[in-house]
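The primary structure of each chain is shown beneath.
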Amino acid sequence: MKIRAAKFLDSALRMLCAALMGMMALTVILSVFFRYALSVTTVWSEELISVIFIASTFLGTAMVARDDEHIEINFIYDHLPPRGAAILRMLVSLVVIAVLAVVFKYSLGWIKVSGMLLTPGLEFPFKWLYSLLPVSCVLTCLVEAGKFVNRARVLFNAEAPK
(Lines give C-alpha, C1' and ligand atoms only; values in the text may rest on other atoms or scores of the structure.)
Protein backbone atom coordinates (compact mmCIF):
# COMPACT_ATOMS: atom_id res chain seq x y z
CA MET A 1 0.00 0.00 0.00
CA LYS A 2 2.76 2.44 0.96
CA ILE A 3 4.73 1.64 -2.19
CA ARG A 4 1.67 2.09 -4.39
CA ALA A 5 0.92 5.48 -2.80
CA ALA A 6 4.55 6.55 -3.20
CA LYS A 7 4.55 5.51 -6.87
CA PHE A 8 1.27 7.35 -7.47
CA LEU A 9 2.62 10.50 -5.79
CA ASP A 10 5.85 10.26 -7.78
CA SER A 11 3.96 9.82 -11.08
CA ALA A 12 1.62 12.70 -10.28
CA LEU A 13 4.54 14.94 -9.36
CA ARG A 14 6.41 14.06 -12.55
CA MET A 15 3.33 14.73 -14.70
CA LEU A 16 2.66 18.01 -12.91
CA CYS A 17 6.27 19.17 -13.36
CA ALA A 18 6.21 18.15 -17.03
CA ALA A 19 2.94 20.07 -17.53
CA LEU A 20 4.40 23.12 -15.79
CA MET A 21 7.50 23.01 -18.00
CA GLY A 22 5.30 22.74 -21.09
CA MET A 23 3.18 25.66 -19.92
CA MET A 24 6.31 27.70 -19.28
CA ALA A 25 7.70 26.96 -22.74
CA LEU A 26 4.39 27.85 -24.37
CA THR A 27 4.15 31.09 -22.37
CA VAL A 28 7.71 32.06 -23.37
CA ILE A 29 6.92 31.40 -27.03
CA LEU A 30 3.73 33.47 -26.81
CA SER A 31 5.55 36.25 -24.99
CA VAL A 32 8.25 36.43 -27.66
CA PHE A 33 5.64 36.34 -30.42
CA PHE A 34 3.62 39.14 -28.84
CA ARG A 35 6.70 41.26 -28.21
CA TYR A 36 8.46 40.91 -31.57
CA ALA A 37 5.70 40.10 -34.05
CA LEU A 38 2.94 42.30 -32.62
CA SER A 39 5.05 44.84 -30.69
CA VAL A 40 2.94 44.22 -27.60
CA THR A 41 4.53 43.72 -24.22
CA THR A 42 2.43 41.73 -21.80
CA VAL A 43 3.04 42.05 -18.08
CA TRP A 44 1.02 38.94 -17.32
CA SER A 45 3.22 36.67 -19.45
CA GLU A 46 6.46 37.68 -17.72
CA GLU A 47 4.85 37.21 -14.35
CA LEU A 48 3.26 33.89 -15.31
CA ILE A 49 6.64 32.59 -16.51
CA SER A 50 8.16 33.47 -13.14
CA VAL A 51 5.30 31.86 -11.21
CA ILE A 52 5.50 28.65 -13.27
CA PHE A 53 9.29 28.55 -12.93
CA ILE A 54 9.07 28.90 -9.15
CA ALA A 55 6.32 26.25 -8.94
CA SER A 56 8.27 23.77 -11.06
CA THR A 57 11.41 24.39 -9.00
CA PHE A 58 9.73 23.82 -5.65
CA LEU A 59 7.72 20.80 -6.80
CA GLY A 60 10.65 19.34 -8.71
CA THR A 61 12.87 19.39 -5.62
CA ALA A 62 11.33 16.22 -4.16
CA MET A 63 11.46 14.49 -7.53
CA VAL A 64 15.14 15.30 -7.97
CA ALA A 65 15.91 14.24 -4.40
CA ARG A 66 14.21 10.91 -5.01
CA ASP A 67 16.37 10.27 -8.08
CA ASP A 68 19.56 11.44 -6.27
CA GLU A 69 20.08 14.07 -8.97
CA HIS A 70 21.02 16.95 -6.68
CA ILE A 71 24.57 18.19 -7.02
CA GLU A 72 26.89 16.42 -4.61
CA ILE A 73 30.60 15.99 -4.21
CA ASN A 74 31.35 12.27 -4.37
CA PHE A 75 35.01 12.55 -3.44
CA ILE A 76 34.43 11.57 0.19
CA TYR A 77 31.96 8.80 -0.64
CA ASP A 78 34.39 7.30 -3.16
CA HIS A 79 37.15 7.05 -0.55
CA LEU A 80 35.03 5.39 2.14
CA PRO A 81 34.20 1.72 2.48
CA PRO A 82 30.58 0.91 1.48
CA ARG A 83 29.34 0.87 5.09
CA GLY A 84 31.06 4.19 5.83
CA ALA A 85 29.55 5.76 2.72
CA ALA A 86 26.11 4.48 3.76
CA ILE A 87 26.50 5.98 7.24
CA LEU A 88 27.63 9.31 5.77
CA ARG A 89 24.68 9.35 3.36
CA MET A 90 22.35 8.68 6.30
CA LEU A 91 23.87 11.62 8.18
CA VAL A 92 23.44 13.82 5.12
CA SER A 93 19.77 12.79 4.95
CA LEU A 94 19.31 13.76 8.60
CA VAL A 95 20.93 17.16 7.99
CA VAL A 96 18.70 17.72 4.95
CA ILE A 97 15.60 16.82 6.99
CA ALA A 98 16.67 19.19 9.80
CA VAL A 99 17.27 22.08 7.39
CA LEU A 100 13.95 21.44 5.66
CA ALA A 101 12.17 21.41 9.03
CA VAL A 102 13.59 24.85 9.84
CA VAL A 103 12.68 26.17 6.37
CA PHE A 104 9.17 24.72 6.78
CA LYS A 105 8.68 26.44 10.13
CA TYR A 106 9.81 29.85 8.91
CA SER A 107 7.98 29.58 5.59
CA LEU A 108 4.67 29.31 7.43
CA GLY A 109 5.43 32.58 9.22
CA TRP A 110 6.40 34.21 5.94
CA ILE A 111 3.12 33.15 4.36
CA LYS A 112 1.17 34.67 7.27
CA VAL A 113 3.05 37.97 6.99
CA SER A 114 3.11 38.51 3.23
CA GLY A 115 0.74 35.96 1.75
CA MET A 116 -2.14 38.37 1.30
CA LEU A 117 -0.21 40.55 -1.13
CA LEU A 118 -1.11 40.22 -4.81
CA THR A 119 1.22 39.87 -7.76
CA PRO A 120 1.20 43.11 -9.77
CA GLY A 121 0.16 41.79 -13.18
CA LEU A 122 -1.98 38.74 -12.53
CA GLU A 123 -3.26 39.90 -9.15
CA PHE A 124 -2.59 36.37 -7.94
CA PRO A 125 -2.29 36.01 -4.13
CA PHE A 126 1.32 35.34 -3.15
CA LYS A 127 0.13 32.90 -0.47
CA TRP A 128 -0.56 30.29 -3.17
CA LEU A 129 2.91 30.69 -4.58
CA TYR A 130 4.57 30.84 -1.16
CA SER A 131 2.65 27.75 -0.02
CA LEU A 132 4.66 25.69 -2.48
CA LEU A 133 7.71 26.07 -0.24
CA PRO A 134 6.30 24.18 2.77
CA VAL A 135 4.74 21.62 0.41
CA SER A 136 8.17 21.12 -1.16
CA CYS A 137 9.73 20.77 2.29
CA VAL A 138 7.24 18.08 3.31
CA LEU A 139 7.60 16.13 0.06
CA THR A 140 11.39 16.30 0.16
CA CYS A 141 11.43 15.29 3.85
CA LEU A 142 9.33 12.24 2.99
CA VAL A 143 11.78 11.33 0.24
CA GLU A 144 14.81 11.82 2.50
CA ALA A 145 13.18 9.85 5.33
CA GLY A 146 12.52 6.99 2.91
CA LYS A 147 16.11 7.08 1.71
CA PHE A 148 17.32 7.09 5.33
CA VAL A 149 15.21 4.03 6.19
CA ASN A 150 16.34 2.16 3.06
CA ARG A 151 19.99 2.91 3.81
CA ALA A 152 19.55 1.82 7.43
CA ARG A 153 18.00 -1.46 6.27
CA VAL A 154 20.93 -2.04 3.92
CA LEU A 155 23.44 -1.11 6.59
CA PHE A 156 21.98 -3.32 9.30
CA ASN A 157 21.40 -6.22 6.93
CA ALA A 158 25.08 -5.95 5.93
CA GLU A 159 24.13 -5.75 2.25
CA ALA A 160 26.17 -3.68 -0.13
CA PRO A 161 24.51 -0.27 -0.58
CA LYS A 162 23.36 0.87 -4.01
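The following paragraphs examine the structure supplied in this document. Keep in mind the model is a prediction, meaning the values are calculated, not measured.

1. Observations concerning the packing of helix α2 (residues 43–66) against helix α6 (residues 132–156)
- At their nearest, the axes of α2 and α6 sit 8 Å apart, and the two run at 5° to each other. If you check the angle between α2 and α6, you find them roughly parallel. Packed against α2, whose contacting residues are A55, F58, L59, T61, A62, A65 and R66, the element α6 presents L132, L133, V135, S136, L139, T140, V143, E144 and K147 at the interface.
- For the contact of α2 with α6, the per-class residue count stands at 10 nonpolar, 3 polar and 3 charged.

2. Remarks on the nonpolar core
- Counting residues in hydrophobic clusters, the biggest one holds 17 residues, and the most contacted among them are L13, L20, L59, A62, L129 and L132.
- For this core, the secondary-structure elements that each account for two or more residues are α1 (2–37), α2, α5 (126–130) and α6.
- Tallying contributions element by element places α2 first for this core, with 8 residues.
- Residues contacting L13, with those up to four places away along its chain left out, are L59, A62, M63 and L139.

Rules used throughout
Residues numbered from 1 in each chain as written. Predicted model: local features only at pLDDT ≥ 70, side-chain atom pairs only at ≥ 80, totals over all residues. Heavy atoms only, no water. Axes fitted to C-alpha atoms, helices over the stretch in contact; angles between N-to-C directions. Helix = DSSP H or I, 4+ residues; strand = E, 2+ residues; numbered from the N terminus. Parallel < 35°, antiparallel > 145°, perpendicular 65-115°, else oblique. Contact = heavy atoms within 4.5 Å. Nonpolar A, V, L, I, M, F, W, Y, C, P; charged D, E, K, R; others polar. Core = buried A, V, L, I, M, F, W, Y, C linked by side-chain atoms within 4.5 Å. Buried < 20%, exposed > 50% of the residue type's maximum accessible area, 1.4 Å probe, protein only.

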